[in-house]
Amino acid sequence: MELKINLDDIYAPSEDVVARDIQGEFILVPVTSGIGDLEDEIFSLNETGRVIWEKMDGKKTLRAIAKELAYVYAASQKEIEEDILGITKELFNRKMIVEAKPKK
Amino acid sequence: MGKQFYVQTKNIRESRFIHKKLLISRLDIELAERCNNNCIHCYINLPADDLLAKEKELSTAEIKNILKEAVSLGCLVVRFTGGEPLLRKDFEEVYIFARRCGLKVMLFTNATLITPHLAELFCHIPPLEKIEVTLYGMKKDSYEAATRVSGSFEAAQRGINLLLEKKIPFVVKGALLPSNKEEIDEFEAWAKIIPWMGKPPAYAMFFDLRCRRDVRKNELIKKVRLSADEGLKILTRNKSRYIKEMKIFCAKFIRPPKDKIFSCGAGCGGGCVDAYGKFQLCMMLRHPDTVYNLRCGSLKDALENFFPKIRKIKATNREYLSRCANCFLKGLCEQCPAKSWEEHGTLDTPVEYFCEIAHTQARFLGLIEKDEKAWEVNNWKKRISDFVKRDVIN
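Residues numbered from 1 in each chain as written. Chains lettered and ligands numbered in written order. Predicted model: local features only at pLDDT ≥ 70, side-chain atom pairs only at ≥ 80, totals over all residues. Heavy atoms only, no water.

Draft legend 1. Main features of the overall build of chain B. When you go through chain B residue by residue, the secondary structure sums to 16 helices and 12 strands. At 22 Å, chain B has a C-alpha radius of gyration in line with the 21 Å of a compact globule built from 394 residues. Seen along its three principal axes, the alpha-carbon backbone of chain B occupies a region of about 60 × 55 × 50 Å. The 394 residues of chain B split such that 57% are buried. Surface accessibility of chain B: about 18000 Å² in total, with carbon and sulfur atoms responsible for 54%. Within chain B, one finds 67 positive and 50 negative side-chain charges whose respective centroids are separated by 6 Å. (Helix = DSSP H or I, 4+ residues; strand = E, 2+ residues; numbered from the N terminus. Rg over C-alpha atoms; globule rule 2.2 N^0.38 Å. Buried < 20%, exposed > 50% of the residue type's maximum accessible area, 1.4 Å probe, protein only. Areas by Shrake-Rupley, 256 points an atom, 1.4 Å probe, with all protein chains shown as cover. Lys, Arg positive; Asp, Glu negative; His and termini not counted. Charge placed at Lys NZ, Arg CZ, Asp CG, Glu CD.)

Draft legend 2. Spotlight on helix α4 (residues 91–100) of chain B. For α4 of chain B, the full list of buried residues reads F91, V94, Y95, A98 and R99 of chain B. Seen end-on, α4 of chain B carries its buried residues on one side only, within an arc spanning 130°. Against β2 (17–22) and β3 (25–30) of chain A together with α3 (60–72), β5 (77–81), β6 (104–109) and α5 (116–124) of chain B lie the buried residues of α4 of chain B. Immediately beyond the C-terminal end of α4 of chain B, within one or two residues, lies G102 of chain B, with a positive phi of roughly 90°. (Arc of directions from axis to C-beta. Contact = heavy atoms within 4.5 Å.)

Draft legend 3. Seen up close, the confidence of the model for chain A. Per-residue confidence for chain A gives a mean pLDDT of 87, with 90% of residues at or over 70. The lowest-confidence element of chain A is strand β4 (residues 43–45) of chain A, averaging 88 in pLDDT; the highest-confidence one is strand β1 (residues 11–13) of chain A, averaging 96. (pLDDT = per-residue confidence, 0-100.)

Draft legend 4. Quick look at the pattern of salt bridges. Residue and element names in this part refer to chain A. Counted under the stated rule, the structure contains 39 salt bridges over all chains. The residue E82 makes a salt bridge to K78 at a minimum N-O spacing of 3.1 Å. Within this pair, E82 and its partner K78 are both found in helix α3 (residues 77–93), separated by 4 residues, close to a single helical turn. One salt-bridge network, held together by shared partners, links K55, D57, K60 and E68. (Salt bridge = Lys/Arg side-chain N within 4 Å of Asp/Glu carboxyl O.)

Draft legend 5. Structural view of the nonpolar core. Residues and elements named next belong to chain B. Ranked by internal contacts, the top residues of the largest apolar core, which has 100 residues, are L27, F80 and F279. A per-element tally of this core places helix α12 (residues 299–311) first, with 6 residues. In this structure, L27 is in contact with I66, A70, C75, V77, V78, R79, G271, V273, F279 and L299, ignoring residues within four places of it in sequence. Judged by nonpolar contacts, the second largest core, of 34 residues, contains L226, F328, I357 and W375. (Core = buried A, V, L, I, M, F, W, Y, C linked by side-chain atoms within 4.5 Å.)

Draft legend 6. Layout of the side chain of R225 of chain B. All names here are of chain B. Its location among the elements puts R225 in the loop between α9 (215–224) and α10 (228–235). According to the relative accessible area criterion, R225 is buried, its value standing at 10%. Looking at R225, its side chain comes within polar contact range of the main-chain oxygen of F207, at 2.8 Å. A distance of 2.6 Å separates a polar atom in the side chain of R225 from a polar atom in the side chain of E343. (Polar contact = N/O pair within 3.5 Å; in protein donor to acceptor, adjacent residues only side chain to side chain.)

Draft legend 7. Structural view of unusual backbone geometry. Residues and elements named next belong to chain B. With an omega of 15°, the peptide bond between G82 and G83 qualifies as cis. Take G83: it is sitting in the loop between β5 and α4. Despite not being glycine, A111 shows a phi value in the positive range, around 75°. Among the secondary structure elements, A111 is positioned in the loop between β6 and α5. Of note in this structure, K167 is not a glycine but carries a positive phi near 55°. Structurally, the position occupied by K167 is in the loop between α7 (152–165) and β8 (170–175).

Draft legend 8. Quick look at the pairing of β6 of chain B. All names here are of chain B. For β6, the buried fraction is high: 6 of the 6 residues fall into the buried class. A two-sided burial pattern is seen for β6, the buried positions comprising K104, M106 and F108 on one face and V105, L107 and T109 on the other. Bridge count between β5 and β6: 4 bridges; the pairing is parallel. The residue bridging R79 from the neighbouring strand is M106, located in β6. Relative to strand β7 (residues 131–135), β6 runs parallel, the two sharing 2 bridges. The residue of β7 that forms the bridge with T109 is V133. Handedness of the crossover joining β6 and β7 through α5: right-handed. (Pairing = 2+ DSSP bridges. Right-handed = clockwise from strand over helix to strand, strands pointing away.)

Structure follows, in structure tokens:
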């Protein structure tokens with residue numbers, strides 16, 4: 001069943017993934033099985049993905065993250081929210097992030 | 001910001017980072033020099049119950065500190081080898097630690113100590129690199145003639161079956177010995193059932209002597225080494241493939257090394273930590289002047305300062321300078337400081353065994369004439385170019 005992502009949700013990096021910065025390359029190394037499809041798969045986040053990932057601290061809502069980013073980037077709040085919903089869905093489906101607060 | 005993909009899903013192997021000139025992209029750690037097998041041909045297998053060796057081994061905390069530093073320097077892959085790495089009681093702890101640091105783990109093992117519990121662990125926390133299992137024979141007799149341990153064949157079978165059952169990616173490798181060299185076809189046919197093989201198994205056949213220079217054991221190894229002609233026969237089983245590969249290899253890699261003794265990549269972007277914390281440029285080179293004690297230093301210092309100094313060492317041995325330095329088969333020949341150390345206790349003494357192997361192959365490929373010595377050949381560039389262009393080898 002596909003998760004409905006809401007801007008009021010809170011997410012945090014999964015403990016089953018290690019985020020590493022190797023000379024500017026931001027990668028996610030799965031620790032447990034079921035995250036990558038192949039035995040030697042690791043993942044890379046692009047610049048947008050990285051910025052959002054680093055703000056997912058298990059405390060801020062996605063909306064709050066969008067607001068913070070709107071101060072930094074020359075993009076509309078709506079555009080930023082779309083980006084955040086996109087990456088959250090992608091990361092959640094890959095089990096790289098977890099919901100920090102269960103939905104009511 | 002804008003519409004784009006966020007997570008790149010294709011495989012990113014460590015090679016992607018090499019161009020970034022990482023101080024270390026891969027680290028080898030020999031968790032133990034001890035092994036539960038007693039293979040006749042092995043360069044590094046102290047008895048499993050060697051208490052003296054065990055006492056000297058790196059502690060769990062020391063290994064974790066080395067891993068932590070490697071990660072801080074950008075290392076992405078650690079290879080656990082030995083001896084038999086699974087002999088260590090703390091293997092599971094060290095393995096999980098490495099994976100939780102964000103390292104991919106490559107494991108070299110004989111598979112005899114893979115338990116259902118360990119297989120479950122590899123299933124739950126995958127190494128992210130294929131496990132490499134060395135097999136010493138297809139039958140109990142041939143296998144145990146090599147390992148000299150009763151029951152080791154069944155134990156290896158059990159371990160391999162556990163990996164298969166749990167679908168843990170692994171590949172097998174062989175060691176060609178008098179006891180098993182007639183089993184190659186059987187071995188290769190069997191290896192095809194392993195879903196992760198991709199290509200035929202690799203073989204060790206031109207064995208290294210003992211890395212700690214053990215004269216008695218060296219005599220045993222010399223007895224089971226294939227001769228240059230026997231080796232050529234194995235290498236040319238698929239003649240057209242061998243020639244095709246050698247054309248590419250020779251065009252790219254063979255040339256006289258002059259007085260430079262390190263023409264490989266040893267100590268560049270990695271190295272090997274022995275069981276006692278000595279950091280080596282490669283798995284084989286243990287000449288005391290070329291190893292760095294991590295118990296009183298750091299990976300960073302070794303990689304930035306110590307290894308580059310060692311790599312600058314030039315040959316001074318007169319025989320080496322008159323032969324190897326001018327020999328265009330360097331590359332095809334396995335002569336290197338590590339082999340010289342194992343055979344002669346020096347860094348730059350020609351090793352006759354590897355010289356003979358290289359000359360035998362070069363004669364087969366038409367690079368040199370019968371009785372010709374490659375270091376006496378002046379027009380070697382033309383010979384390589386003619387070989388690369390030639391359609392058929394007579």
